Amino acid sequence: MKRRTFLLAGLGTTGALVMGWSLTPPRQRLYPSDAPTPDGGGVALNGWLAIAPDDTVTIIAPKAEMGQGIHTALAMLVAEELDCDWSRVRVVHSGVDKIYNNAAAIVDGLPFSDDMEAQPLVRGVRWLTAKTMREVGVMMTGGSSSVRDTWEVARDAGATARAALVATAAARAGVAVSACRTQRGVVICGDRQFRYGELVGDAAARRETNVTRKSPEAFTIIGTSRARLDTDDVLHGRPLYGMDVTIEGMRYAAVLMPPALGCTVVSFDKQAATTRPGVEAVVELAGSSYGNPPGLAVVARSWWEAKQALAYLNARWSESPHATLSSDGIMRTLRSAAAGDGGLPYRSDGNAMDALDTAARVLDVTYEAPYLAHVTMEPMNATVRVNGATAELWTGTQVPGLARAAAASVLRMSEDSVTLHQLQLGGGFGRRLEADYVAQAADIARALPGVPVQMIWSREDDMRHDFYRPAGVTRMRAALDGAGTLESVVVQSAGQSPFQALGARMGITAIAISPDKTAAEGTFEQPYEFPAMRVAHTDVPLPVPVGSWRSVGHSYKGFVMESFVDELAHDAKVDPVRYRQRLLQQHPRARAVLDLVADKSGWFTPLAAAPNGGKRARGVALHWSYATIVALVAEVLVRADGSVRVERVTVAADAGLIVNPSGAAQQVEGGVLFGLQAALHGEVLVKNGRIEANNFNDYRALRMSEAPTIAYHFVPSTHVPSGLGEPAVPVVAPAVANALFAITGVRLRTLPLRLPVAEQKT
């Protein structure tokens, strides 16, 4: 048989197997491999909930709680269909199991826009990807996907449990199931009533399959504002987070990591550090493929003792192989890459490039964005105890399965041998999608068998050894005819690939080698109806470690796209809102959001005069990310001394059906403040191979006095819920920049936003 014939025959066989598998139903997501046994008792009716004899309902949550309120939202989904007493609901973290794999986030990562959803091929690829992720995917909290990922399965969990309880009650009462109804944790069968707690033992043996979810008109919990279930714990300072862990006999570790990129330890004085008060061990760290660099650790009775002893190591480091690397050089490299017409095309509609050649005039501008740090409130930390052939891990992570795998890899044991105790996260923003800190903690703990060791990074460690939001350069060109009419838009960007880097560190080959949508997102999939458009991105490998950062590529491509659309409006001498309306004729949902924010912000009414010789103006931005459309109007004051104050922000959003309006509002407010900090201050610089960010003295945080008044408005919708954790971030910087242009006539195309006058005065 010829080689080609053999290969084709093999591919044909494989294709047939894949096709046959793809036609089978997706595996169920209700029942895990092992029945969950939640703390505090209770009988599990499926992998998502358990009920105790006292009627306490325990929701089993596979999503990480990091301040976004997902545990409350998930509990609302389950409780709505279960018809239980909300006052008796509590939430615990789930174990690691395939039923909790996040399909929605991976599907959203495919290089398609929501506009392409109607295409049969795109729908087929998305469906097949979701089905595959059910088998080989990962548990993950990220990509504003948690509610979307659990929207159906969490409600199914509540509905099937309720059906089992009703069937059990009907059998006890000797009546038909149709003669029974539920109300706040009670099954009512005629003149008899049964509490859920007294039915759950028998109900657990039933697996009801013929259930119907409620219609939105019947919702009594979903769509109502609920206080977060962990509010009381947070207010009273009860242990919730990784740094709260306290175990008898626990020791603390502080780490010393390279002062510059690529450095390794040449020598150190172990004896000098060991003689310091409280010190019990010095551990040399080899680093790992998870991204944690080589270094040293001191283990002591307290973290402060361990931290103080680091200086006595007198560590000497090798020269950095990147000693000539600095921010200026990085940006020159990116500018050069963005200046060409190469790279991977993500969109090519019409004759966009030809239009540039024949245009009467070309608007050609370049935008730039810096590296950004995550700066979570709680620095990286993990506690590990190695018990011979097994181990325990206590940490907060967005990827519990991968975190467990990282510890197991370092400890050279099977994943099942590592027990993960998942905790709440004092901030994630994508930083805790990584497992470097877990691998590092495991490396330290294996040097002290049987001893629980809690490793905590300092704020300086956290800033200097982050996986940063990539720096990026984007060249924007628009072809205009003799009358100034737009003919095409061409986008050419350059930067590092955050998700490919993450995939490589985590050993997820499919992500490491696939096109990274995040590199171009925020440009190619926006709803504007340009006559022709081409979007391409050039991946530029650089030694600065990068990763996922809240709203990822949207975080700076939103600034690029919405600033450029404003430039087009100004060039056409058309009001910025009116100009966008013209480009949204076939996108009624986006148009409705834009119209709503214009109305609620008073866009077409004059602003009050600014005090003391200052000037005021509004700026607008619209962006589509994570299946959510957000429009924002920023009211900005430039004082006579050149300083900038964002006074008021009005937000409108279409995020589908809002599960918890209170939680949704908090997410919008948090996103606005997060985006404003990045817009005004966020910048990580590199000098001579060193990350210059050190602490809040040189990585400026947003002050409380800088927080604007925030008004938010949601478009009523019956669409499936979409993301809200990230979509408010991308619109902040462009809206502020557009307002500053309206005030000063200066178009700021580089983040963070700094007016020339303000720079001179500084």
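Residues numbered from 1 in each chain as written. Predicted model: local features only at pLDDT ≥ 70, side-chain atom pairs only at ≥ 80, totals over all residues. Heavy atoms only, no water.

Concerning the confidence of the model for the chain
In step 1: Here the chain shows a mean pLDDT of 93. Residues at 70 or above account for 96%.
In step 2: Note on residues 1–17: pLDDT under 50 across the span, and one contact to partners over four residues away in sequence or across chains.
In step 3: In this model, residues 758–762 is a region of pLDDT below 50 whose contacts with residues beyond four sequence positions or in other chains number four contacts. (pLDDT = per-residue confidence, 0-100. Contact = heavy atoms within 4.5 Å.)

Describing the environment of His-71
In step 1: Along the chain, His-71 turns up in helix H2 (residues 70–82).
In step 2: Residues within four places of His-71 in sequence aside, it is in contact with Ala-61, Lys-63, Ala-64, Glu-65, Val-91, His-93 and Leu-229.
In step 3: In this structure the side chain of His-71 is engaged in a polar contact, spanning 2.8 Å, whose partner is the backbone oxygen of Lys-63. (Helix = DSSP H or I, 4+ residues; strand = E, 2+ residues; numbered from the N terminus. Polar contact = N/O pair within 3.5 Å; in protein donor to acceptor, adjacent residues only side chain to side chain.)

Here we look at the sheet that holds strand S19 (residues 472–480)
In step 1: Taken in spatial order, the five strands of this open sheet run S13-S21-S20-S19-S14, and their pairing is mixed. The open sheet has two free edges, formed respectively by strand S13 (344–349) and strand S14 (361–369), since each of these has just one partner strand. Geometrically, the sheet is characterised by an average inter-axis angle of 10° between neighbouring strands, direction not taken into account.
In step 2: Pairing between strand S20 (residues 486–495) and strand S21 (residues 533–539): seven bridges, direction parallel. Residue pairing across strands places Gly-495 opposite Asp-539, the latter belonging to S21. (Pairing = 2+ DSSP bridges. Axes fitted to C-alpha atoms, helices over the stretch in contact; angles between N-to-C directions.)

With respect to the pairing of strand S10 (residues 279–285)
In step 1: Burial analysis of S10 places five of its seven residues in the buried class, the great majority of the element.
In step 2: Note that S10 and strand S11 (residues 295–300) share six bridges and pair antiparallel. The residue bridging Val-279 from the neighbouring strand is Ala-300, located in S11. (Buried < 20%, exposed > 50% of the residue type's maximum accessible area, 1.4 Å probe, protein only.)

Focus: the layout of surface pockets
In this approach the atoms are scanned with a rolling probe the size of a water molecule, which exposes any empty space left behind.
In step 1: For the second largest pocket, the calculated volume is near 1500 Å³.
In step 2: Surrounding the second largest pocket, 39 residues form its lining, Ala-104, Val-107, Arg-148, Glu-152 and Val-720 being those nearest its centre.
In step 3: Looking at the lining of the second largest pocket, the elements that each hand over two or more residues are helix H3 (103–108), helix H4 (120–136), helix H5 (146–173) and helix H19 (588–601).
In step 4: In terms of residue class, the lining of the second largest pocket is made up of 17 nonpolar, seven polar and 15 charged. (1 Å grid on protein atoms, 1.4 Å probe; cavity = no way out; pocket = protein on both sides within 12 Å on 5 of 7 lines; lining within 4 Å. Points joined across faces, edges and corners; volume = space filled by probe spheres on them. Nonpolar A, V, L, I, M, F, W, Y, C, P; charged D, E, K, R; others polar.)

What about the packing of aromatic side chains?
In step 1: Under the counting rule described, the total for this entry stands at seven aromatic pairs.
In step 2: Feature note: the residues Phe-429, Trp-549 and Phe-674 constitute an aromatic cluster, connected by ring pairs.
In step 3: Arg-207 extends its terminal NZ or CZ atom over the ring of Tyr-31, reaching a point 3.7 Å from the ring centre.
In step 4: In this structure, Arg-505 packs its charged tip against the face of Phe-467, placed 3.9 Å from the ring centre. (Phe/Tyr/Trp six-rings, centres within 6.5 Å; stacked < 30°, edge-to-face > 60°. Lys NZ or Arg CZ within 6 Å of the ring centre and 35° of its normal.)

Topic: empty space enclosed by the protein
In step 1: Taken as a whole and assessed by the stated rule, the structure comprises three cavities of 30 Å³ or more.
In step 2: Taken as a whole, the largest cavity holds about 80 Å³ of empty space.
In step 3: In terms of lining, the largest cavity is formed by 14 residues, of which the most central are Ser-555, Ala-678, Ala-679, Ala-733 and Leu-751.
In step 4: When residues in the lining of the largest cavity are grouped by element, the largest group, three residues, is from helix H20 (residues 661–680).
In step 5: Taken together, the residues of the lining of the largest cavity break down into ten nonpolar, three polar and one charged.

Looking at the packing of helix H12 (residues 400–411) against helix H13 (residues 436–445)
In step 1: With their axes 8 Å apart at the nearest point, H12 and H13 run at an angle of 35° to one another. In this structure, the crossing between H12 and H13 has a hand that is right-handed. For the pair formed by H12 and H13, the contact residues are Ala-403, Ala-406, Ala-407, Val-410 and Leu-411 on the first element and Val-438, Ala-439, Ala-442 and Asp-443 on the second. (Left-handed = near helix turned anticlockwise from the far one by under 90°.)

Digging into the sheet that holds strand S1 (residues 43–46)
In step 1: Spatial strand order, S1-S2-S3-S4: four strands in an open sheet with mixed pairing. Single-partner strands in this sheet number two, and they are S1 and strand S4 (89–93). The sheet shows a mean angle of 30° between the axes of neighbouring strands, taken without regard to direction.
In step 2: Pairing between S1 and strand S2 (residues 49–51): three bridges, direction antiparallel.

Re the nonpolar core
In step 1: In this structure, Met-476, Phe-530, Phe-564, Leu-632, Val-672, Val-736 and Leu-753 are the most contacted members of the largest nonpolar core, which totals 80 residues.
In step 2: Here Leu-632 is in contact with Val-597, Gly-619, Val-620, Ala-621, Val-649, Thr-650, Val-651, Val-672, Val-731, Val-732 and Ala-735, once residues within four sequence places are set aside.
In step 3: Listed in part, the 51 residues of the second largest apolar core include Leu-49, Ile-51, Val-78 and Tyr-100. (Core = buried A, V, L, I, M, F, W, Y, C linked by side-chain atoms within 4.5 Å.)

Looking at the pattern of salt bridges
In step 1: One pass over the full model with this rule turns up 40 salt bridges.
In step 2: A salt bridge links Asp-55 to Arg-195; its shortest N-O distance comes to 2.9 Å. Here Asp-55, found in the loop between S2 and strand S3 (57–61), pairs with Arg-195, found in strand S7 (residues 192–195); they are 140 residues apart in sequence, far enough to count as distant.
In step 3: The class for Asp-55 is buried, based on a relative accessible area of 16%.
In step 4: For Arg-580, the salt bridge is made with Glu-562, and the minimal N-O distance between the two is 2.9 Å. Taken as a pair, Arg-580 in helix H18 (residues 576–582) and Glu-562 in helix H17 (residues 554–572) lie far apart in primary sequence, 18 residues in all. Across this residue pair, the class does not change: Arg-580 and Glu-562 are buried.
In step 5: Sharing partners across several salt bridges, the network here consists of Glu-562, Asp-566, Arg-580 and Arg-747. (Salt bridge = Lys/Arg side-chain N within 4 Å of Asp/Glu carboxyl O.)

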